[in-house]
Amino acid sequence: MDELLSRQNLQWRDRARAVAREVVLPRAWKYDRLQEYPWDIKEALASAGLMKVWIPEEYGGAGGGVLDLCVVVEELSRCCGGTGVLFAVNALGSFPILLAGTEEQKRKYLPGIARGETLIAFGLSEKGAGSDAGGLSCRAEPDGKYYVLNGSKKWNTNGPAAHLNTVFAVTDPTSKSRRVSGFLLERDMPGYRVGYVEDKMGIRCVPVGELELENCRVHESQLLGGKPGLGFKHAMMTLDRARPGVAAQAVGLAQGALDFAMVYAQQRQQFGQPISSFQMVQQMLADMATKVAAARALVYAAAKAVDAGSESLTKYSAMCKLFATDVAMEVTTAAVQIFGGYGYMRDYPVEKYMRDAKITQIYEGTNQIQRLVVARNLIKEAGHLGHLERFIPVPEDLR
Ligand code: CAA
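Remember, it's a predicted structure, so these values are computed and weren't measured experimentally.

Draft legend 1. Representation of the overall build of the protein chain. Along the backbone of the protein chain there are 11 helices and nine strands. What you see for the protein chain is a C-alpha radius of gyration of 22 Å, in line with the 21 Å of a compact globule of 399 residues. When the 399 residues of the protein chain are sorted by exposure, 54% land in the buried category. A separation of at least 24 residues holds for 75% of the contacts in the protein chain among residues at least 6 apart in sequence. Within the structure as shown, the protein chain displays about 18100 Å² of accessible surface, and the carbon and sulfur contribution to it stands at 54%.

Structure below.
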C-alpha cells in the first residue's frame with residue numbers, strides 16, 4: 001500500500017522498519033517474559049530520531065504529522081506490540097502540550113521529548129472514571145499562585161517510567177462544562193508518587209501503574225495552557241489525534257501475526273503436504289490479509305483527515321480505532337489457530353500477538369465508546385440527508 005503514502009511517510013516507515021527488525025524483534029519475547037522496560041530499545045528509537053517524529057521543528061522535532069507517527073507505530077508493533085505503545089504513548093502524553101500548552105511549556109518540555117530523554121504519560125483514567133472520563137474525582141485546589149493536587153490515577157501507561165505526566169484533575173467541582181484542568185507534573189515534584197504497577201496480559205514491556213497524588217503542590221505555570229476549565233476538551237482533542245496511533249498499533253500487530261502465519265503455513269507439513277495447500281487454511285490467510293489491508297487503508301485515511309484538520313476527524317479517528325483493533329483481535333486469534341497446538345504455547349511467537357492485541361480494543365476508549373462517538377457524529381452530520389426525506393412515506397399517507 002505504498003501508493004497511499006508520501007515520500008516522507010515512506011522514509012519514516014523504512015527507518016522504523018530497520019530499527020524494528022534489527023533491534024526490537026530479537027528482544028521482544030525476552031522483555032515480554034521479564035515484564036521489564038526495554039531501555040536499550042528506547043535508546044535505539046531515540047538514536048534513530050524516531051522520538052521526534054511528531055514534534056514541530058521549532059521545538060527540536062522533525063515536524064511530522066499523525067500519518068508519519070502511525071507508520072512508525074505500525075512497523076514497531078509488527079515486531080512487538082509493547083514497543084509500539086511504549087513509543088506512541090509519548091505522543092499521547094505530549095499532544096496536550098502541542099495542542100494547548102503555553103509557549104513556555106512547549107519550550108520547556110518538547111525538546112526533551114523529541115530527544116527521547118523525557119518520557120511522558122497521560123493521566124486521565126481513574127478507578128471510578130474510565131469510559132466516563134468526565135467523572136474524575138482527582139482534585140486540584142487553587143491556593144494563590146499554586147494548585148494542590150490530591151487523588152489517584154489508574155492505568156497510567158508508561159507512568160512508572162515517565163519523567164513527566166499530563167494529569168487531568170477537577171479544579172471547579174461546581175461547573176459542568178469547565179470542571180477539569182490539565183497539569184504538567186514532573187516525577188520528582190513533592191507529593192507525586194508512582195503506586196501499584198500492574199501485572200498485565202500483554203504489552204508487558206511497557207509499565208502501567210497507578211499514580212498517587214498527595215498534597216502535590218505545583219506552581220500555576222504547570223497548568224496546561226495557563227487557563228483552568230479546558231481540561232476535558234483538551235483531553236478529548238488529544239484522544240482524537242492519538243487514536244489513529246492505537247489503530248496503527250493494531251494494524252502492525254495483525255500484519256506481524258499474519259507474517260508468522262504465512263511462514264508457518266508453508267513450513268508445517270500435515271497429510272504429506274504443507275498446510276498452506278489446504279483450502280480452509282488458504283481461506284483463513286486470504287481473509288486475514290484482506291482485513292489487514294482494509295484496516296490499514298482506513299488508518300491512513302483517518303490519519304490524513306487528522307493532519308488536514310478535517311471537520312470529521314473525531315469520527316474517522318474513532319472509526320479507524322474500532323475497526324483496526326477488532327481486526328487485530330480476529331487476525332491474531334486466527335494466526336494462533338493456524339499454528340494449532342504450537343500456537344497456544346509460549347515457545348512460539350504468535351500467542352504474544354494475540355495478548356498484545358486485546359488491549360487495543362480497550363485503551364484510549366473502549367470500542368463500545370468509539371461506536372458511540374461514531375454514532376453521535378453520524379447523527380450530528382445527518383442534516384445533509386434531508387433531500388431523502390420525501391422518499392420515505394409516512395405510514396398514514398399509504399392508507
Ligand atoms: N473534541 C473537542 N471537544 C469535545 C470532544 C472532542 N472530540 N468530545 C467532546 N467534547 C466537548 C463537548 O463539545 C462538550 O463541550 P461543552 O460542554 O462546551 O458543550 C464537552 O466536551 C462534553 O462532551 P460530551 O457531553 O460529549 O461528554 P460525555 O461525558 O458524554 O463523554 C465520551 C463523551 C466520548 C464518552 C468521552 O467521555 C470519552 O471519550 N470517553 C472515553 C475516555 C477514554 O478514551 N479514556 C482513555 C484514556 S487514555 C488510556 O486509555 C490510558 C493510557 O494511558 C493509554
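Draft legend 2. Looking closely at unusual backbone geometry. With a phi close to 50°, Trp-155 is a non-glycine residue in the positive phi region. A residue is classified by how much of its surface remains accessible, and Trp-155, at 44% relative accessible area, is partly exposed.

Draft legend 3. Region of the structure containing the pattern of salt bridges. In the structure shown here, the tally under the stated rule is 28 salt bridges. Among the ionic pairs, Arg-371 bridges to Asp-326, the shortest N-O distance being 2.7 Å. Pair noted here: Arg-371 is in helix H10 (residues 367-381) and Asp-326 is in helix H8 (residues 313-343), with a separation of 45 residues, a long-range link. Accessibility expressed as a relative area gives 39% for Arg-371, which makes it partly exposed. The exposure class of Asp-326 is buried, given its relative accessible area of 19%. Between Glu-351 and Arg-346 there is a salt bridge, and its shortest N-O distance comes to 3.6 Å.

Draft legend 4. Inspection of the nonpolar core at higher detail. In terms of nonpolar packing, the biggest core is built from 105 residues, with Leu-45, Leu-50, Trp-54, Phe-87, Ile-113 and Met-288 touching the most fellow members. Broken down by element, this core gets its largest block of residues, 15 residues, from helix H6 (residues 231-267). Beyond its immediate stretch of four places on either side in the chain, Phe-87 contacts Leu-45, Leu-50, Met-51, Val-53, Trp-54, Leu-69, Val-72, Val-73 and Leu-76. Among the nonpolar cores identified, the runner-up in size contains 15 residues, and Cys-138, Ala-140, Val-167 and Ala-169 belong to it.

Draft legend 5. Expanded view of the environment of Ala-301. You can see Ala-301 is positioned in helix H7 (residues 279-307). In sequence terms Ala-301 and Tyr-316 are 15 residues apart; their C-alpha atoms lie 8.1 Å from each other.

Draft legend 6. Spotlight on a nonpolar patch on the surface. Together, Leu-385, Leu-388, Phe-391 and Ile-392 give the surface a local cluster of nonpolar side chains, amounting to about 410 Å² of exposed area. By relative accessible area, Ile-392 is classed as exposed at 62%.

Rules used throughout
- Residues numbered from 1 in each chain as written.
- Predicted model: local features only at pLDDT ≥ 70, side-chain atom pairs only at ≥ 80, totals over all residues.
- Heavy atoms only, no water.
- Helix = DSSP H or I, 4+ residues; strand = E, 2+ residues; numbered from the N terminus.
- Rg over C-alpha atoms; globule rule 2.2 N^0.38 Å.
- Buried < 20%, exposed > 50% of the residue type's maximum accessible area, 1.4 Å probe, protein only.
- Contact = heavy atoms within 4.5 Å.
- Areas by Shrake-Rupley, 256 points an atom, 1.4 Å probe, with all protein chains shown as cover.
- Salt bridge = Lys/Arg side-chain N within 4 Å of Asp/Glu carboxyl O.
- Core = buried A, V, L, I, M, F, W, Y, C linked by side-chain atoms within 4.5 Å.
- Patch = residues over 30% accessible without salt bridge, like charges linked within 9 Å, V, L, I, M, F, W, Y side chains within 5 Å.

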